[in-house]
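The lines below spell out each chain.
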Amino acid sequence: MSGAGSTAVNTLLPTSIVGSLPKPAWLAKPEVLWSPWELQGDALVEGRQDALRAAVHEQQRRGIDIVSDGEQTRQHFVTTFIEHLDGVDFEKRETVRIRDRYDASVPTVVGAVSRRQPVFVADAAFLRQQTDRPIKWALPGPMTMIDTLSDHHYRSREKLAWEFATILNQEARELEAAGVDIIQFDEPAFNVFFDETKDWGIAALERAAEGLRAETAVHICYGYGIKANNDWKATLGAEWRQYEESFPLLQQSSIDIVSLESHNSHVPIDVIELIRGKKVMLGAIDVAREQIETPEEVADTLRRALGFVDADLLIPSSNCGMAPLPRGVAFDKLSALSAGARIVRQELGVDVGVGAGVGVG
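Note that this is a predicted model, so its numbers are computed, not measured. (Residues numbered from 1 in each chain as written. Predicted model: local features only at pLDDT ≥ 70, side-chain atom pairs only at ≥ 80, totals over all residues. Heavy atoms only, no water.)

Just give me the short version of the overall build of the protein chain, but keep the residues and values in it.
Secondary structure assignment for the protein chain yields 10 helices and 10 strands. Against the globule reference of 21 Å for 361 residues, the protein chain gives a C-alpha radius of gyration of 19 Å, in line with a compact fold. Overall, the C-alpha framework of the protein chain stretches about 55 × 45 × 40 Å when taken along its three principal axes. A buried classification covers 58% of the 361 residues belonging to the protein chain. In the protein chain, 76% of the contacts between residues at least 6 apart in sequence involve partners at least 24 apart. When the accessible surface of the protein chain is summed, it comes to about 13900 Å², and 47% of that surface belongs to carbon and sulfur atoms. Between the mean site of the 37 positive side-chain charges and the mean site of the 53 negative ones, the protein chain shows a separation of 1 Å. (Helix = DSSP H or I, 4+ residues; strand = E, 2+ residues; numbered from the N terminus. Rg over C-alpha atoms; globule rule 2.2 N^0.38 Å. Buried < 20%, exposed > 50% of the residue type's maximum accessible area, 1.4 Å probe, protein only. Contact = heavy atoms within 4.5 Å. Areas by Shrake-Rupley, 256 points an atom, 1.4 Å probe, with all protein chains shown as cover. Lys, Arg positive; Asp, Glu negative; His and termini not counted. Charge placed at Lys NZ, Arg CZ, Asp CG, Glu CD.)

Next up, the structure:
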């Protein structure tokens with residue numbers, strides 16, 4: 001892997017996860033999004049590091065090749081980053097429509113947004129110390145960030161997105177310097193705002209990734225964890241073809257890896273053809289149910305994908321983050337993911353790779 005970190009993937013079909021893992025109950029209430037911290041002060045700092053250390057241990061033990069932090073040190077994939085920026089007032093809140101799907105009380109942009117100091121860099125450096133495997137770090141994408149705020153300053157979604165793209169690029173460059181091999185931007189908004197994605201969304205994403213030597217990824221999903229997301233997906237019909245709007249644009253972009261959901265979703269597997277030539281981080285684990293996939297189910301998802309992506313470009317992963325799941329279930333799903341990838345590697349006649357892992361259960 002040609003990242004700026006000190007490590008490289010030395011196996012075909014390297015496994016990874018998209019984002020969150022469940023936090024331990026002593027750190028935050030389990031199976032709940034936006035769960036408040038159970039600790040405070042120095043105990044919270046130490047507790048988050050302990051949780052990150054445990055997440056790394058479980059990923060390696062379960063055979064995950066590209067390790068992440070499991071978002072153990074943050075409460076939310078978007079707002080934790082925004083909380084550290086100037087120009088956003090979290091006390092002044094307004095109700096806005098999120099993802100054109102549900103109403104939520106959000107903070108307000110009241111002045112020029114800026115990043116006074118690094119947000120996640122110290123945590124990423126700590127992650128780098130915990131493993132010699134490649135590491136991945138996720139950041140919110142510019143379009144998804146602006147869709148989580150009320151803007152009283154720029155009064156232009158595009159202008160605010162470009163400001164955030166510049167800030168994200170600053171953070172990403174320091175994450176790269178801290179040893180991160182893959183920097184991922186989460187952009188679920190790409191599955192909703194098709195015109196904006198075409199007009200400036202992809203360009204803003206590329207600005208966030210500009211100049212990086214680390215590999216770059218974008219994750220686009222359909223949303224999980226709340227009723228509004230489930231209700232919206234129920235209206236999408238038998239086939240979910242929203243990716244057909246963004247994938248041709250991403251295929252022509254500078255982004256290295258495209259992450260999509262697949263297993264147990266209504267996304268036709270042939271949409272992968274639209275990003276031919278890119279690395280594909282494929283969701284082979286369903287994060288919406290507690291039933292643990294069998295290794296053969298994972299392998300079948302990967303086999304179907306190989307009709308549309310070369311094996312050396314396929315990264316088996318999860319559909320989305322796993323924070324709402326019971327912790328043991330999430331870890332067993334990691335085992336299933338690595339076992340399924342191992343089956344397909346063996347069918348392709350290659351070594352099992354760095355992540356031998358343990359059995360499911």
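Just give me the short version of the packing of helix H6 (residues 194-208) against helix H8 (residues 243-251), but keep the residues and values in it.
Across the interface, H6 lies against H8 with an axial gap of 10 Å and an inter-helix angle of 30°. For H6 against H8, the interelement crossing comes out right-handed. Together, Phe 194, Thr 197, Lys 198, Ile 202 and Leu 205 of H6 and Glu 245, Ser 246, Leu 249 and Leu 250 of H8 make up the contact between the two elements. Across the contact of H6 with H8, the residue classes break down as 5 nonpolar, 2 polar and 2 charged. (Axes fitted to C-alpha atoms, helices over the stretch in contact; angles between N-to-C directions. Left-handed = near helix turned anticlockwise from the far one by under 90°. Nonpolar A, V, L, I, M, F, W, Y, C, P; charged D, E, K, R; others polar.)

Describe the packing of aromatic side chains, with residues and values.
Scanning the model with the defined rule gives 5 aromatic pairs in all. Ring geometry for Tyr 222 against Trp 240: centres 4.7 Å apart, planes inclined by 40°, an arrangement best described as tilted. Residue Tyr 222 is located in the loop between strand S7 (215-219) and helix H7 (227-233), and its partner Trp 240 is located in the loop between H7 and H8; the two are separated by 18 residues in the primary sequence. Arranged with centres 4.6 Å apart and planes meeting at 20°, the rings of Tyr 243 and Phe 247 form a pair that is stacked. Separated by 4 residues within a single helix, Tyr 243 and Phe 247 lie in helix H8, roughly one turn from each other. Residue Tyr 243 shares its accessibility class with Phe 247, and that shared class is buried. Here the aromatic cluster, defined as three or more aromatic residues joined through ring pairs, consists of Tyr 222, Trp 240, Tyr 243 and Phe 247. The ring of Trp 37 is capped by Arg 48, whose NZ or CZ atom sits 5.2 Å from the centre of that ring. Here Arg 74 stacks its cationic end above the ring of Phe 120, 4.5 Å away from the centre of that ring. (Phe/Tyr/Trp six-rings, centres within 6.5 Å; stacked < 30°, edge-to-face > 60°. Lys NZ or Arg CZ within 6 Å of the ring centre and 35° of its normal.)

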